[in-house]
Structures are given as structure tokens and as C-alpha cells.
Amino acid sequence: MNVLTNLEQIQSNIRQACENSNRNPEEITIIAVTKYVTIERTEETIEAGIENLGENRLEGFVEKYNQIEDKAKWHFIGTLQTRKVKEVINKVTAIHSLDRLSLAKEINKRAEKTVDCFVQVNVSGEETKHGLNPEAVMPFIKEIAAYENVRVVGLMTMAPHVEDKTVLKENFKKLAQLRDTIKQKQFEHAPCEYLSMGMSNDYDIAIEAGATHIRIGTKLVG
Ligand SMILES: *Cc1c(COP(=O)(O)O)cnc(C)c1O
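Residues numbered from 1 in each chain as written. Predicted model: local features only at pLDDT ≥ 70, side-chain atom pairs only at ≥ 80, totals over all residues. Heavy atoms only, no water.

K.L.:
Residue-level account of the side chain of Thr 34, with values.
P.N.:
Counting through the fold element by element, Thr 34 comes out in the loop between strand E1 (29–33) and helix H2 (39–47). With sequence-adjacent residues up to four places away left out, Thr 34 is seen in contact with Thr 42, Leu 53, Gly 54, Glu 55, Lys 64, Trp 74 and Val 221. (Helix = DSSP H or I, 4+ residues; strand = E, 2+ residues; numbered from the N terminus. Contact = heavy atoms within 4.5 Å.)

Here it is in C-alpha cells:
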């Protein structure tokens, strides 16, 4: 399928999910995850009207960024090794995988300006998942106040590998509650307004639970 047709289908599902949950579709940012596809397909994605692209590996990011540069806003959504921070840091709009102090420290050191980050949370507790345990998030955010170039704009999670929609929704809602708790504190370095959650198979559920940034690969770019 061409990207535009996929996008129209997704936008219609987004409108429906927003209607179900009394939300405004304009609150939702679609991040097209281009990790499976070629540069040509990525360019088609931009032509279809997508402004935000996501890559989860350094190699894929560098390859595409070198061609596309600032024709899109880039989101780094995968695990980021500390020693590789310098290769992405001043090229991305946001890093969605902040999950440890050493990473915050390195981002702070390498940043030429404030870097928007999402703290990654392992809501489901699955051992294979990266991210902080929910209880560890508040103390972590307090600690990184010391790193003045790091700004926590939101929280991110990966859903557990289950089909059960109720379980998925509960996970997403837990992240939304945690976001609310942090946002209420009005930390200067952590406005924490956003929720990066929902992928091809569950973005509608994530939106109904409050997602502001959905990361879609398979169903959008193939
Ligand atoms: C691959 C990936 C996605 C997109 O997954 P799809 O199921 O293909 O939509 C979203 N987020 C992260 C972190 C990913 O690695």
C-alpha cells in the first residue's frame, strides 16, 4: 500500500479513538517509524505529509538522516548507548528512551542546547523490556534536575506482548496517571506533558488512554 492510503486509514482511526475519549485529534502527533524501510519509502512518507520520523537504531538513523536531514523532525526511539549519544544528540527533536542517569549525564554534556527527552517506563514489568520501574520514575526525574540541558517533556512506554485489550489499556492508563502525578509537581526541568505510547497494533487503545505521540511502523510505512 502507498503511505498516503495507510495514513488516511490511520487518521480515520485516530479521529474515531478521539471521539470515543472526548479528545481533539490535533493533540496527537504521528511518528512514522522508518526502521524497516528504504530511503525512497521514507521520502514517500514525507511527501504524504508526515513531519515526524522515528528510528530505533543508530545505524538506521545516521543513514537516513544523512539523506533527509532537516526535511523531517527526528525522534530517537530505541535504546541508546551512552557512547553513541554524540552522534544523535544535536540532530533529533526528541529522545524517547531516557532510562538511566549515565545517559542523562552524557546528553547534558554533549548537548548544544536543551534536549527534549521522554523517560522510558517499563509499566508491565516484563523482564525483556527496557525502562524504569514506575516507582523509580519520580526519584529519577528529581535527580536529573541537576542536568540543565535535559528537559523531560513526557513519558514513554512499550506495551506488553499481549492481545488482551483490557491489559493493554490498563498499562497505558498507568503511564497516564504517572504522567499526571509528575506534571502536577510543576518541575521546571520536567513539564512532562506528553505520553509516547501506542504502535501499529494498539495506537487506538493508547489514544483512548491519553497518548500524545504514537509511533507507527508496520501499518504506516509497511
Ligand atoms: C519498531 C518500533 C515501533 C513501531 O512498531 P510497529 O509495530 O511496526 O508499528 C514503535 N516504537 C518502537 C520503540 C519501536 O522500536
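K.L.:
Can you explain a positive patch on the surface? Please cite residues and give values.
P.N.:
A grouping of Arg 83, Lys 86, Lys 105 and Lys 109 is seen on the molecular surface, where their side chains present a positively charged patch. Note on placement: Lys 86 falls in helix H4 (residues 85–88). Overall, the relative accessible area of 47% leaves Lys 86 in the partly exposed class. (Patch = residues over 30% accessible without salt bridge, like charges linked within 9 Å, V, L, I, M, F, W, Y side chains within 5 Å. Areas by Shrake-Rupley, 256 points an atom, 1.4 Å probe, with all protein chains shown as cover. Salt bridge = Lys/Arg side-chain N within 4 Å of Asp/Glu carboxyl O. Lys, Arg positive; Asp, Glu negative; His and termini not counted. Charge placed at Lys NZ, Arg CZ, Asp CG, Glu CD. Buried < 20%, exposed > 50% of the residue type's maximum accessible area, 1.4 Å probe, protein only.)

K.L.:
Break down the nonpolar core for me, citing the residues and quoting the values.
P.N.:
Grouped together as the largest cluster of nonpolar side chains are 68 residues, with contacts concentrated most on Leu 98, Ile 107, Leu 155 and Leu 220. Setting aside chain neighbours within four positions, we find Leu 155 in contact with Phe 118, Val 119, Val 121, Val 137, Leu 175, Leu 178, Arg 179, Ile 182, Cys 192, Tyr 194, Leu 195 and Ser 196. (Core = buried A, V, L, I, M, F, W, Y, C linked by side-chain atoms within 4.5 Å.)

K.L.:
Any chance you could break down the layout of surface pockets for me, citing the residues and the numbers?
P.N.:
The calculated volume of the largest pocket comes to roughly 820 Å³. Contributions of two or more residues to the lining of the largest pocket are made by helix H3 (58–68), helix H7 (165–184) and strand E8 (213–216). Split into classes, the residues belonging to the lining of the largest pocket amount to 15 nonpolar, 12 polar and nine charged. (1 Å grid on protein atoms, 1.4 Å probe; cavity = no way out; pocket = protein on both sides within 12 Å on 5 of 7 lines; lining within 4 Å. Points joined across faces, edges and corners; volume = space filled by probe spheres on them. Nonpolar A, V, L, I, M, F, W, Y, C, P; charged D, E, K, R; others polar.)

K.L.:
A description of the site of the ligand should follow, citing residues and the corresponding values.
P.N.:
As a structural note, the neighbourhood of the ligand is formed by Val 33, Lys 35, Tyr 36, Asn 56, Ile 77, Met 158, Met 199, Ser 200, Arg 215, Ile 216, Gly 217 and Thr 218. With respect to the ligand, the side chain of Tyr 36 contributes an N or O atom lying 3.0 Å from an oxygen atom. Within the side chain of Arg 215, one N or O atom sits 2.9 Å away from a nitrogen atom of the ligand. Protein burial of the ligand: of its 390 Å² of free accessible surface, 91% is covered by the chains. When each cavity is represented as a set of grid points, the ligand is found to reside in the largest pocket. Class assignment for the residues of the shell around the ligand results in six nonpolar, four polar and two charged. (Near = heavy atom within 4 Å. Polar contact = N/O pair within 3.5 Å; in protein donor to acceptor, adjacent residues only side chain to side chain. Sits in = over half its atoms within 2 Å of the grid points.)

K.L.:
Run through the environment of Glu 163, naming residues and quoting values.
P.N.:
Tracing the backbone shows Glu 163 in the loop between strand E6 (150–156) and H7. Along the backbone, Glu 163 and Asn 201 are 38 residues apart, and their C-alpha atoms lie at a distance of 9.2 Å.

K.L.:
Can you tell me about helix H6 (residues 134–143), naming the residues and giving the values?
P.N.:
All buried positions along H6 are accounted for by Val 137, Met 138, Phe 140 and Ile 141. One face of H6 carries all of its buried residues, which in axial projection span an arc of 165 degrees. Taken together, the buried residues of H6 touch strand E4 (94–98), helix H5 (101–110), strand E5 (115–120), E6 and H7. (Arc of directions from axis to C-beta.)

K.L.:
Tell me about unusual backbone geometry, and please be specific about residues and values.
P.N.:
Of note in the backbone geometry, Glu 69 takes a positive phi value of approximately 45 degrees without being a glycine. Here Glu 69 is to be found in the loop between H3 and strand E3 (73–76). One non-glycine residue with positive phi stands out, namely Cys 192, at about 45 degrees. Positionally, Cys 192 belongs in the loop between H7 and strand E7 (194–196).

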